[in-house]
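# Residue-level structure breakdown
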Amino acid sequence: MSRLDSFIRRLSAQRACLDAAIAAVGAREGFVLEIGLGNGRTYDHLREAMLGRAIHVFDRQINAHPDCVPDESHLFLGDFRETLPEAARRLGRGAILIHADIGSGDASASRGLGRTIAPLVAALAAPGAWILSDQPLPLPEDADGWRPAGLPPGVEAERYHLYQVREE
Ligand SMILES: C[S@@+](CC[C@H](N)C(=O)[O-])C[C@H]1O[C@@H](n2cnc3c(N)ncnc32)[C@H](O)[C@@H]1O
């Protein structure tokens, strides 16, 4: 597969998973987390589809399109390993949709980062929340965690990762 095909498939899978999670959340209460602002593309998609929701955004730097920069009160700037615990202290377990798009060119480091942030993300997830990520977000088996959810039609396994947190 050419790199162009692979890129298009990755973004198609990302959009399909975002749309599936948005539909599954529906009108349920809770805020949204965008972990990895990057260029701001997926933030913009979430913001357009989830009008009126608070979306809290995480990145170590602002590199987004100027139209896709959240206001300061919704921005956690710094390393995820520090800003996610800070967000958990400030916001609590109220996120109903969490999107983590954290990958870099280094596949092994990206997977490691997914493993590191999984429990930090779990501390922010409301019961019944939907979590999606470009990296696996494994939780220890004894954690009050989430279960993998089925991917939307056309999305190959491992291309994206979708989970739902247990209801209480
Ligand atoms: C793949 S990009 C996000 C793309 C974005 N979702 C979009 O649609 O434009 C990943 C982002 O994660 C950020 N990032 C990676 N590791 C990080 C870390 N440990 N702490 C904070 N930000 C990090 C990078 O700065 C980068 O902007």
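This text gives an overview of the structure that appears in the document.

### Thoughts on the pairing of strand 7 (residues 161–165)
Working note: regular strand, side chains alternate between the two faces of the sheet. Burial analysis of strand 7 places 5 of its 5 residues in the buried class, which makes it a mostly covered element. Alternating residues of strand 7 divide into His 161, Tyr 163 and Val 165 and Leu 162 and Gln 164, and every residue in both groups is buried. When strand 5 (residues 125–133) meets strand 7, the two strands line up antiparallel, connected through 4 bridges. When the sheet's bridge partners are listed, Leu 132 is paired in strand 7 with Leu 162.

### Let's talk about the packing of helix 1 (residues 3–25) against helix 2 (residues 41–49)
At a minimum axis separation of 11 Å, helix 1 and helix 2 run at an interaxial angle of 30 degrees. It follows that helix 1 is roughly parallel to helix 2 by the angle criterion. Relative to helix 2, helix 1 is oriented so that their crossing is right-handed. On the side of helix 1, the interface is formed by Gln 14, Arg 15, Leu 18, Asp 19 and Ile 22, while helix 2 contributes Thr 42, His 45, Leu 46 and Ala 49. The residue inventory of the contact of helix 1 with helix 2, partitioned by class, reads 4 nonpolar, 3 polar and 2 charged.

### Details of the environment of Ser 2
Within the element layout of this structure, Ser 2 appears in the segment before helix 1. Residue class for Ser 2 comes out partly exposed when judged on its relative accessible area of 36%. Ser 2 sits 29 residues away from Phe 31 along the chain, and the two C-alpha atoms are 38 Å apart. Only 3.0 Å separates the side chain of Ser 2 from the backbone nitrogen of Asp 5, close enough to count as a polar contact.

### Some thoughts on the environment of Leu 46
Note that Leu 46 resides in helix 2. Along the chain, Leu 46 and His 99 lie 53 residues apart, while their C-alpha atoms are 9.3 Å from each other. Leu 46 has contacts with Leu 18, Ile 22, Val 32, Glu 34, Ile 55, Leu 97 and His 99, leaving out every residue within four places of it along the chain.

### Concerning the sheet that holds strand 3 (residues 75–77)
Within a sheet, each strand pairs with its neighbour through backbone hydrogen bonds, oriented either parallel or antiparallel. Taken in spatial order, the 7 strands line up as 3-2-1-4-5-7-6 in an open sheet, and their pairing is mixed. Strands at the two margins of the open sheet, each flanked by one partner only, are strand 3 and strand 6 (146–148). Ignoring which end each strand starts from, the neighbouring axes of this sheet average 15 degrees apart. As defined by bridge partners, strand 2 (residues 55–59) adjoins strand 3 across 3 bridges and the pair is classed as parallel. Among the inter-strand pairings, Asp 59 is bridged to a residue of strand 3, identified as Leu 77.

### Overview of the nonpolar core
Judged by nonpolar contacts, the single largest core of 25 residues is most densely connected at Ile 35, Ile 117, Ile 131 and Trp 146. Where this core is concerned, the elements lending two or more residues are strand 1 (31–35), helix 3 (80–91), strand 4 (95–100), helix 4 (107–122), strand 5 and strand 7. At 5 residues, helix 4 tops the list of elements feeding residues into this core. Apart from the residues within four sequence positions on either side, Ile 117 is in contact with Ile 35, Phe 80, Leu 84, Ala 100, Ile 102 and Leu 137. Grouped together as the second largest cluster of nonpolar side chains are 24 residues, Val 32, Leu 37, Leu 75 and Tyr 160 included.

Cut-off values and rules
- Residues numbered from 1 in each chain as written.
- Predicted model: local features only at pLDDT ≥ 70, side-chain atom pairs only at ≥ 80, totals over all residues.
- Heavy atoms only, no water.
- Buried < 20%, exposed > 50% of the residue type's maximum accessible area, 1.4 Å probe, protein only.
- Helix = DSSP H or I, 4+ residues; strand = E, 2+ residues; numbered from the N terminus.
- Pairing = 2+ DSSP bridges.
- Axes fitted to C-alpha atoms, helices over the stretch in contact; angles between N-to-C directions.
- Parallel < 35°, antiparallel > 145°, perpendicular 65-115°, else oblique.
- Left-handed = near helix turned anticlockwise from the far one by under 90°.
- Contact = heavy atoms within 4.5 Å.
- Nonpolar A, V, L, I, M, F, W, Y, C, P; charged D, E, K, R; others polar.
- Polar contact = N/O pair within 3.5 Å; in protein donor to acceptor, adjacent residues only side chain to side chain.
- Core = buried A, V, L, I, M, F, W, Y, C linked by side-chain atoms within 4.5 Å.

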